[in-house]
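A closer look at the structure
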Amino acid sequence: MEIIPTTSPQTDFFIVEKKISELKEISSWIQIDVTDGSLVKPATFSLELLNRLDPKPDNLLFDIHLMVKEPLNWIKKCLFVQASRIYGQVEKMSDRCQFISEAKNNGLEVGLAFDFDTPIDVDFPCETDIILLMGRPMGFKSFPFEVSVFPKIDFLKDRGYKVAIDGGVTLDIFPKLKQHGVDIIYSGEHFLDLKNANQNRN
């Protein structure tokens, strides 16, 4: 299992910049949360600002979580900031296969993301690298982990999908996620605790 830190949704780029500076020595990945004020309100900082990091961490891989309307329209922005992996929320995505194909054709690892109460529908004729399940409602507010996510994890793992979880994961929830075969956990507030727990169990 991999534990990856997130910036959490932020309107102020200074907060994101500070967090990246703190994390760049202890994680090879960091997830940047992006909202556009449509699917999730308000909008986060302008994604292009990531290119203003000085110095830009050479060893850090950006993982972009697009909580936006039509994630397809954000692929070029993700390429501009040299993202390595992107997730698009399906709730306002008109064509999943087009999003997946466009991302892969541009050399990106790509995943589909489902909010905690969005039904899981993976019956479509294209292959995503990973499925991201929200452990709580997406957005700026903090909510506890939704246990209704566990059957979804099992459903996806039974079908051979790589599964990531984002939101609400605490040390109490962590062992259960490991038992269910989750591949990646994204965490903002509890990243270091989860990382240490994962290392101690390996």
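As a reminder, the structure under discussion sits directly above these lines.
A short tour of the structure in this document, coming up. (Residues numbered from 1 in each chain as written. Predicted model: local features only at pLDDT ≥ 70, side-chain atom pairs only at ≥ 80, totals over all residues. Heavy atoms only, no water.)

1. Here's the deal with the pairing of strand β7 (residues 163–166)
Burial along β7 is two-sided: V163 and I165 facing one way and A164 and D166 facing the other are all buried. One ladder, built from four bridges, connects strand β6 (residues 130–134) with β7; its direction is parallel. Looking at β7, one finds that I131 is bridged to V163. Traced from β6 through helix α4 (residues 149–158) to β7, the parallel crossover comes out right-handed. Two elements, β7 and strand β8 (residues 184–187), share three bridges in a ladder whose sense is parallel. Directly across from A164, in β8, lies its bridge partner I184. At this point the chain moves from β7, through helix α5 (residues 174–179), to the parallel β8, and the crossover so formed is right-handed. (Buried < 20%, exposed > 50% of the residue type's maximum accessible area, 1.4 Å probe, protein only. Helix = DSSP H or I, 4+ residues; strand = E, 2+ residues; numbered from the N terminus. Pairing = 2+ DSSP bridges. Right-handed = clockwise from strand over helix to strand, strands pointing away.)

2. Regarding the nonpolar core
Within the largest apolar cluster, 57 residues are counted, with the highest numbers of intra-cluster contacts made by I32, L50, I64, I86, L133 and L177. For L50, the residues in contact, after removing those within four places along its chain, are F13, I20, I32, F45, F62, I64 and V81. (Core = buried A, V, L, I, M, F, W, Y, C linked by side-chain atoms within 4.5 Å. Contact = heavy atoms within 4.5 Å.)

3. A closer look at the environment of P125
Within the secondary structure layout, P125 lies in the loop between β5 (109–114) and β6. For P125 and R96, which are 29 residues apart along the polypeptide, the C-alpha to C-alpha distance reads 9.4 Å.

4. A word on the environment of G167
The residue G167 is located in the loop between β7 and α5 in this model. The buried category is assigned to G167, whose relative accessible area is 7%. Separated by 30 residues in sequence, G167 and P137 have C-alpha atoms that sit 8.0 Å apart. Setting aside chain neighbours within four positions, we find G167 in contact with G135, R136, F145 and Y186.

5. Here we look at the sheet that holds strand β3 (residues 61–67)
One open sheet holds the eight strands; their spatial order is β1-β8-β7-β6-β5-β4-β3-β2, and the pairing between them is parallel. Among the strands making up the open sheet, the edge pair consists of β1 (2–5) and β2 (29–35). The average angle at which neighbouring strand axes cross in this sheet is 25 degrees, direction not considered. Contacting β6 and β7, α4 runs over the sheet at an angle of about 175 degrees to β6. (Axes fitted to C-alpha atoms, helices over the stretch in contact; angles between N-to-C directions.)

6. Side note on the pattern of salt bridges
Counted under the stated rule, the structure contains four salt bridges. Residues R85 and E109 are paired through a salt bridge, measuring 3.3 Å at the closest nitrogen-oxygen approach. Placement of the pair is R85 in strand β4 (residues 83–89) and E109 in strand β5, with a sequence separation of 24 residues. Accessibility expressed as a relative area gives 3% for R85, which makes it buried. The salt bridge involving D183 is made with K157; its shortest N-O contact spans 2.9 Å. One end of the pair, D183, is in the loop between α5 and β8; the other, K157, is in helix α4, and 26 residues separate them in sequence. Taken together, the shared-partner salt bridges connect D63, R85 and E109 into one network. (Salt bridge = Lys/Arg side-chain N within 4 Å of Asp/Glu carboxyl O.)

7. Regarding unusual backbone geometry
Along the chain, K41 connects to P42 via a cis peptide bond; the corresponding omega equals -10 degrees. Of note, P42 is situated in the loop between β2 and β3. Its identity as a non-glycine residue notwithstanding, S8 has a phi of 60 degrees, on the positive side. As for its position among the elements, S8 is in the loop between β1 and α1 (13–23). The backbone of E70 shows a phi angle near 50 degrees, a positive value even though the residue is not glycine.

None of this, on its own, says anything about what the molecule does.
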